[in-house]
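Chains, contacts and geometry: an overview
What follows is the residue order along each chain.
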Amino acid sequence: MGKHFTSAARAFGLAAGLAMATAGGVAAQDSKVMVVKLATATLNDAQHEWLKRFAVAIEKSTNGRMKGEVYPASQLGAIPRMIEGTQLGSIQIWVGPPEFLVGVDQRFELLSVPGLFKDDQHSLKTIADPDFAKAFMSLGANKGLIGGSLFWTGPYAFDMRSPMRTLADLKGKKIRVLASPFQMEQMARLGATGVPLSLGDVMPALQQGTLDGALSSLPVFSALQYQGAAKYMTETAHAYIFSVAMLSKKWFDGLPPDLQAAVRQAADETKGEVIPWSLAFLEEQRKVWVSKGGEILHLSDAEHAELMTKMRPVGDDIVKSKPELKPLWDTLLAAAKRSQ
């Protein structure tokens, strides 16, 4: 009997040990820090700032269960590769201009529309409009992407190798644009040629003279040191550049509800912080641009009025040829009207 008891005790002890080891393994797995890869193509701008602030926010809101790893300057590949990685789940969050998501859903290009926003505050109020924000951030859900934040980079500007003081100075010029009909059409109506190029190819093209200029915003030009190749920057504010943080749906859907809520909370908090940061950063970059040898030019009131007159019909004209854009276009127009 003693022998049987000893064997039984040993068997019980072994089973208990295995149970404890298993429980310990589960506990260790539960306590393992989840790495969140955050990617963008730019450096030291609003997009990079969003990533850095989100990394801080998500670690805090999850008590360290999640840790953000920030990869700016296309460290995880060119923009199309980063978007694909986010859809597949190898990248958890990508941040960039929504126009790069046209291959996912053509409606992402609508925020490229020129002539719609009167000024900075009007643009900010419009994208924050609940009806528009809800509709826009739901784009891409059937293609593996979930909208996390929509924020502001800055007003459009032309960075040129030779001064642009009037609209006539653009005629015949080759201007880098995003691969969006809304930007291509702007150039056509100004007598210029829009040339879609990846961000990494712009500086060499400006240096070599195969490009005459680029359409973007001052923070982008300044962060990438374009003043060495094209020092004349004309802010036109006829349209605005926005950025969107897209979450991997595959990754997000696999999170427990409490972590999903934490991600949403961190994204909202980060958007609230990065917009005022962007406004202050824009003012700072104007000074930096000039201090490094760049020049800031402006159109006369009459030239700017002519620019806006030329640009206002672009949105309506493109939407007429793409009826699938119309419902969201109408939502955007209504939001812009409410936000005046």
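Look a little higher up for the structure.
Okay, so let's go over this structure. (Residues numbered from 1 in each chain as written. Predicted model: local features only at pLDDT ≥ 70, side-chain atom pairs only at ≥ 80, totals over all residues. Heavy atoms only, no water.)

**Looking at the overall build of the protein**
Convention followed: Elements are defined by DSSP. Helices are runs of H or I of four residues or more, strands are runs of E of two residues or more, and each kind is numbered from the N terminus. Relative accessibility decides the category of a residue: with a 1.4 Å probe and only protein chains considered, values under 20% of the type maximum give buried, values over 50% give exposed, and everything between is partly exposed. In what follows, residue pairs with any heavy atoms lying within 4.5 Å of each other are defined as contacts. Lys and Arg are tallied as positive, Asp and Glu as negative. Neither His nor the chain termini are counted. Taken as the charge centre is NZ of Lys, CZ of Arg, CG of Asp or CD of Glu, depending on the residue.
Tallying secondary structure elements over the protein gives 13 helices and nine strands in all. C-alpha atoms of the protein, sized along the principal axes, occupy 105 × 45 × 30 Å. Across the 340 residues that make up the protein, the buried fraction comes to 49%. Counted over contacts in the protein with a minimum sequence separation of 6, partners at least 24 positions apart contribute 76%. Positive and negative side-chain charges of the protein, numbering 37 and 34 respectively, have mean locations separated by a distance of 5 Å.

**Some details on unusual backbone geometry**
Here the phi dihedral of Ala73 falls at roughly 55°; this positive angle occurs in a residue that is not glycine. Following the sequence through the fold, Ala73 ends up in the loop between strand E2 (66–71) and helix H3 (79–88). The partly exposed category is assigned to Ala73, whose relative accessible area is 39%. Despite not being glycine, Ala237 shows a phi value in the positive range, around 50°. Mapped onto the secondary structure, Ala237 falls in strand E8 (residues 232–248).

**Describing the pattern of salt bridges**
A side chain of one charge can pair with a side chain of the opposite charge if their charged atoms are brought near each other. As a reminder of what qualifies: We count a salt bridge whenever a side-chain nitrogen from Lys or Arg sits within 4 Å of a carboxyl oxygen from Asp or Glu.
Scanning all chains against the criterion turns up 17 salt bridges. Here Asp131 and Arg338 are joined by a salt bridge, their closest N and O atoms 3.7 Å apart. Remark: Arg338 occurs in helix H13 (residues 326–338) and Asp131 occurs in helix H5 (residues 130–137); sequence separation between them is 207 residues. Here Arg338 falls in the partly exposed class, since its relative accessible area comes to 47%. Glu185 serves as the salt-bridge partner of Arg189, at 2.7 Å between the closest nitrogen and oxygen. Residue Arg189 and its partner Glu185 are both found in helix H6 (residues 181–189); the two are separated by four residues, about one turn of the helix. When its relative accessible area of 26% is taken as the criterion, Glu185 is described as partly exposed. Linked through salt bridges whose partners overlap, the residues forming this network are Glu49, Lys52, Arg53 and Glu273.

**So, the nonpolar core**
Generally speaking, a soluble globular protein has its nonpolar side chains buried in company with each other. This is how it is decided: Definition used in this section: a nonpolar core is a set of buried Ala, Val, Leu, Ile, Met, Phe, Trp, Tyr and Cys residues joined via side-chain atoms within 4.5 Å.
Among the nonpolar cores identified, the biggest contains 81 residues, and Trp50, Phe54, Ile93, Leu101, Phe136, Leu150 and Val263 are the most heavily contacted of them. A per-element tally of this core places helix H10 (residues 257–291) first, with nine residues. Setting aside chain neighbours within four positions, we find Val263 in contact with Phe54, Ile58, Met66, Leu247, Trp251, Phe252 and Leu255. In terms of nonpolar packing, the next biggest core, distinct from the first, is built from 17 residues, Met164, Ile175, Val177 and Ile241 among them.

**Brief notes about the packing of H6 against helix H12 (residues 313–321)**
Our working definition: For helices, the fitted line uses only the C-alpha atoms of the stretch in contact; every axis is such a line through C-alpha atoms, and the angle between N-to-C directions lies from 0 to 180 degrees. Any angle between 65 and 115 degrees counts as roughly perpendicular, while under 35 counts as roughly parallel, over 145 as roughly antiparallel, and the rest as oblique. Two helices cross in a left-handed way if the nearer one is turned anticlockwise from the farther one by less than a right angle. They cross in a right-handed way if the turn is clockwise. Note on residue classes: Ala, Val, Leu, Ile, Met, Phe, Trp, Tyr, Cys and Pro are nonpolar, Asp, Glu, Lys and Arg are charged, and everything else, Gly too, is polar.
Close contact between H6 and H12 brings their axes to 10 Å; oriented N to C, the two are set at 125°. Between H6 and H12, the angle is such that the two are oblique. Between H6 and H12 lies a crossing whose hand is right-handed. Residue-level inspection shows Pro181, Phe182, Glu185 and Arg189 of H6 in contact with H12, the latter providing Pro313, Val314, Gly315, Asp317 and Ile318. Residues of the contact of H6 with H12, tallied by class, amount to five nonpolar, one polar and three charged.

**Considerations on H12**
The following threshold applies: This arc is taken over the directions from the axis of the helix to the C-beta atoms.
Those residues of H12 not exposed but buried are Val314, Gly315, Ile318 and Val319. The buried residues of H12 occupy an angular sector of 120° when the element is viewed end-on, so they sit on one face. Turned more than 90 degrees away from the buried face of H12 sit Lys320 and Ser321, all of them exposed. Check the buried side of H12 and you find it contacts H6, helix H11 (301–311) and H13.

**Thoughts on the packing of H5 against H13**
At their nearest, the axes of H5 and H13 sit 8 Å apart, and the two run at 150° to each other. On the basis of their axis angle, the class for H5 and H13 is roughly antiparallel. Here the hand of the crossing between H5 and H13 comes out left-handed. Within the contact between the two elements, H5 uses Asp131, Phe132, Ala135 and Phe136 and H13 uses Leu328, Thr331, Leu332, Ala335 and Arg338. Tallied by class, the residues present in the contact of H5 with H13 amount to six nonpolar, one polar and two charged.

**With respect to the environment of Gly294**
Along the chain, Gly294 turns up in the loop between H10 and strand E9 (295–297). Once you skip the residues sitting within four places of it in the chain, Gly294 turns out to touch Gln227, Lys231 and Trp289.

**Some details on the pairing of strand E7 (residues 213–216)**
To be explicit about the condition: When DSSP finds at least two bridges between two strands, those strands are taken to pair.
Alternating positions in E7 separate into two faces, Gly213 and Leu215 on one and Ala214 and Ser216 on the other, with burial throughout. Here strand E4 (residues 145–160) pairs with E7 via four bridges, running antiparallel. Bridging across to E7, Ala157 finds its partner in Ser216. Pairing of strand E5 (residues 174–177) with E7 involves two bridges; the strand directions are parallel.

Geometric values such as these leave the question of function open.
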